[in-house]
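Per-entry structural report
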Amino acid sequence: MKISKYIIGLSFMVVGLLTSCNQDNVGAIYTPTSQNVSFESDEPSQVLANSSSVDVPVRITRSLTDGSYTAHYTISGNEDGIFNDANGGQVTFEDGQAVAVINLKAQNMDGGEEYKVTLNLSDADVATADKNLNNSNAKTVISVKCDYEWEEFGTGVWKSTLFDDEWKQPLMKAKGFNVYKVLDLYDEGVDLIVKVNSDNTVEVKYQYVYNYGEYGKLYAIGNYDGTYSGFAGYYYPDYNAILMQLCFTLPKIEVELGTIPEVLYLP
C-alpha cells in the first residue's frame, strides 16, 4: 500500500513539473523537406531458415509521405542465384505510406550454409538523403542461414588431445546428411559441427568451441593440410571413427595453440 501511495504521489509531482515548464524554450519540430529514402537497417539480424527456402522481407523507409514514390535498387553478390527478387528492382510507397517492403526469397539453399546478398539504392534515391537528419542507409546486407533439422543420434566417444582425456559424447545428426552436432563438447552450451562428405573427407568450419575466460573465446577450424580451409581429415568406416586435425586459436590475444589431432568414434 505504501508503494502505491508513493507512485501516485510521484505521478502528481511529475505532472506538476511538466505543466510548470517554460514553454518559451520549446523549439520547432523539424519538418523533412526531401524523401530521404533509406533501408531501415544497414545490416538486419540474420534470418534463420529450417528449410531450403525462406521469404525475406526487407523494409525501406522515407521521410515524406505525401503522394506516391517509387524507389529503385540493385542486388549484388547473388551470383549463385539463391535470392529471387519478386519486386524486380523497385518498390513503391503509396500515398501516406512511410514504409514499403521488398520481397526477397532465398531458395535452393544447402543445410548448414550461410548466404549473403547486398541491396543498393539507385543513385537517384541516394540523392534524396536528408543531410540534416543524416540517418539514411544507401545499402543493406541480408544474411540467411539455412539450418539443418537435427535428430538424436546416440552416444559416441570423443578422444581429445587438447584436454588429454576421452569421454562419452552425446551426438545429434542432421536429417538426411552426414553432419554431426557434438553436444557441449568442450564447454557447456557450445557444440561442434562436423561434416563427413561422400568421399569420407571431413570438414570442420571455423567455429567457437570454448571460453578461456580472460584469454577470450577459443575457436577451432579443420587444418589437415595446413591451409586453414576447414578440411579436417577423414572418416574411417571400418572403425566408425572420424580423425580430425583441428587448429585452435584465441583471437582476443592473437594466439594460435597449434593443430591438434582429435578423434570422434560414432555410436
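One can find the structure itself at the top, above this paragraph.
**Digging into the nonpolar core**
Grouped together as the largest cluster of nonpolar side chains are 26 residues, with contacts concentrated most on Ile 60, Phe 83, Leu 104, Met 109, Leu 119 and Ile 142. Those elements that place two or more of their residues in this core are strand S3 (54-61), strand S4 (69-76), strand S6 (90-93), strand S7 (99-106), strand S8 (114-121) and strand S9 (139-146). Setting aside chain neighbours within four positions, we find Ile 142 in contact with Pro 44, Val 56, Val 58, Phe 83, Leu 104, Tyr 115, Lys 116, Val 117 and Leu 119. Counting residues in each nonpolar core, the second largest holds 25 residues, with Val 209, Ile 242, Met 244 and Leu 250 among its members.

**Quick notes on the pairing of S7**
Of the two faces of S7, the one lined by Ala 100, Ile 102, Leu 104 and Ala 106 is fully buried and the one lined by Val 99, Val 101, Asn 103 and Lys 105 carries no buried residue. Of the pairings in the sheet, the one linking S3 to S7 comprises eight bridges and is antiparallel in character. Bridge pairing in S7 places Thr 61 opposite Val 99. Alignment of strand S5 (residues 83-85) against S7, held across three bridges, turns out to be antiparallel. Counterpart to Asp 85 in the pairing with S7 is Leu 104.

**Concerning the packing of aromatic side chains**
If you walk through the whole model with that rule in mind, you get 13 aromatic pairs. Plain terms: the ring middles of Tyr 206 and Tyr 219 are 4.9 Å apart, the flat faces sit at 10 degrees to each other, and that makes the pair stacked. Of the two residues, Tyr 206 is situated in the loop between strand S14 (201-203) and strand S15 (207-211) and Tyr 219 in strand S16 (residues 217-222); the sequence distance between them amounts to 13 residues. The ring of Tyr 208 carries the charged tip of Lys 217 above its face, separated from the ring centre by 4.7 Å.

**Observations regarding the sheet that holds S9**
Each strand in a sheet pairs with another by means of backbone hydrogen bonds, the pair being arranged parallel or else antiparallel. Pairing in this open sheet of five strands is mixed, and the strands run S2-S9-S8-S4-S6 from one edge to the other. Only two strands of the sheet have a single partner each, and these edge strands are strand S2 (47-49) and S6. In this sheet, neighbouring strand axes are inclined to one another by 30 degrees on average, regardless of whether the strands run parallel or antiparallel. Alignment of S4 against S8, held across four bridges, turns out to be antiparallel. By the bridge assignment for S8, Ile 75 is matched with Leu 119.

**Concerning the pattern of salt bridges**
Close approach of charged atoms allows side chains with opposite charge to pair. Evaluation of the coordinates by the stated rule reveals four salt bridges. Of the charged contacts, one joins Glu 40 and Arg 59 as a salt bridge, the two residues approaching to 2.8 Å between their closest N and O atoms. Taken together, the positions of Glu 40 in the loop between strand S1 (38-39) and S2 and Arg 59 in strand S3 put the pair 19 residues apart, joining distant regions of the chain. Judged by relative accessible area, Glu 40 falls into the partly exposed class, the value being 45%. A salt bridge links Lys 175 to Glu 149, with the nearest nitrogen and oxygen atoms 3.3 Å apart. Of the two residues, Lys 175 sits in the loop between strand S11 (165-174) and strand S12 (179-187) while Glu 149 sits in the loop between S9 and strand S10 (150-160), which places them 26 residues apart along the sequence. Using a relative accessible area of 42% as the deciding quantity, one classes Lys 175 as partly exposed. Given a relative accessible area of 48%, Glu 149 falls into the partly exposed group.

**A closer look at a nonpolar patch on the surface**
On the surface, Tyr 212, Tyr 215, Ile 253, Val 255 and Leu 257 cluster together to form a nonpolar patch covering roughly 390 Å² of accessible area. Within the fold, Ile 253 resides in the loop between strand S18 (241-250) and strand S19 (255-265). Look at Ile 253 and you get partly exposed, because its relative accessible area is 36%.

**As for unusual backbone geometry**
One non-glycine residue, Asp 164, lies in positive phi territory at about 50 degrees. With respect to the secondary-structure elements, Asp 164 resides in the loop between S10 and S11. Positive phi, normally seen in glycine, also occurs at Asp 184, with a value near 50 degrees. Summarising the element assignment, Asp 184 is placed in strand S12. Asp 184 gets classed as partly exposed once you look at its relative accessible area, which sits at 42%.

Thresholds applied
- Residues numbered from 1 in each chain as written.
- Predicted model: local features only at pLDDT ≥ 70, side-chain atom pairs only at ≥ 80, totals over all residues.
- Heavy atoms only, no water.
- Core = buried A, V, L, I, M, F, W, Y, C linked by side-chain atoms within 4.5 Å.
- Buried < 20%, exposed > 50% of the residue type's maximum accessible area, 1.4 Å probe, protein only.
- Helix = DSSP H or I, 4+ residues; strand = E, 2+ residues; numbered from the N terminus.
- Contact = heavy atoms within 4.5 Å.
- Pairing = 2+ DSSP bridges.
- Phe/Tyr/Trp six-rings, centres within 6.5 Å; stacked < 30°, edge-to-face > 60°.
- Lys NZ or Arg CZ within 6 Å of the ring centre and 35° of its normal.
- Axes fitted to C-alpha atoms, helices over the stretch in contact; angles between N-to-C directions.
- Salt bridge = Lys/Arg side-chain N within 4 Å of Asp/Glu carboxyl O.
- Patch = residues over 30% accessible without salt bridge, like charges linked within 9 Å, V, L, I, M, F, W, Y side chains within 5 Å.
- Areas by Shrake-Rupley, 256 points an atom, 1.4 Å probe, with all protein chains shown as cover.

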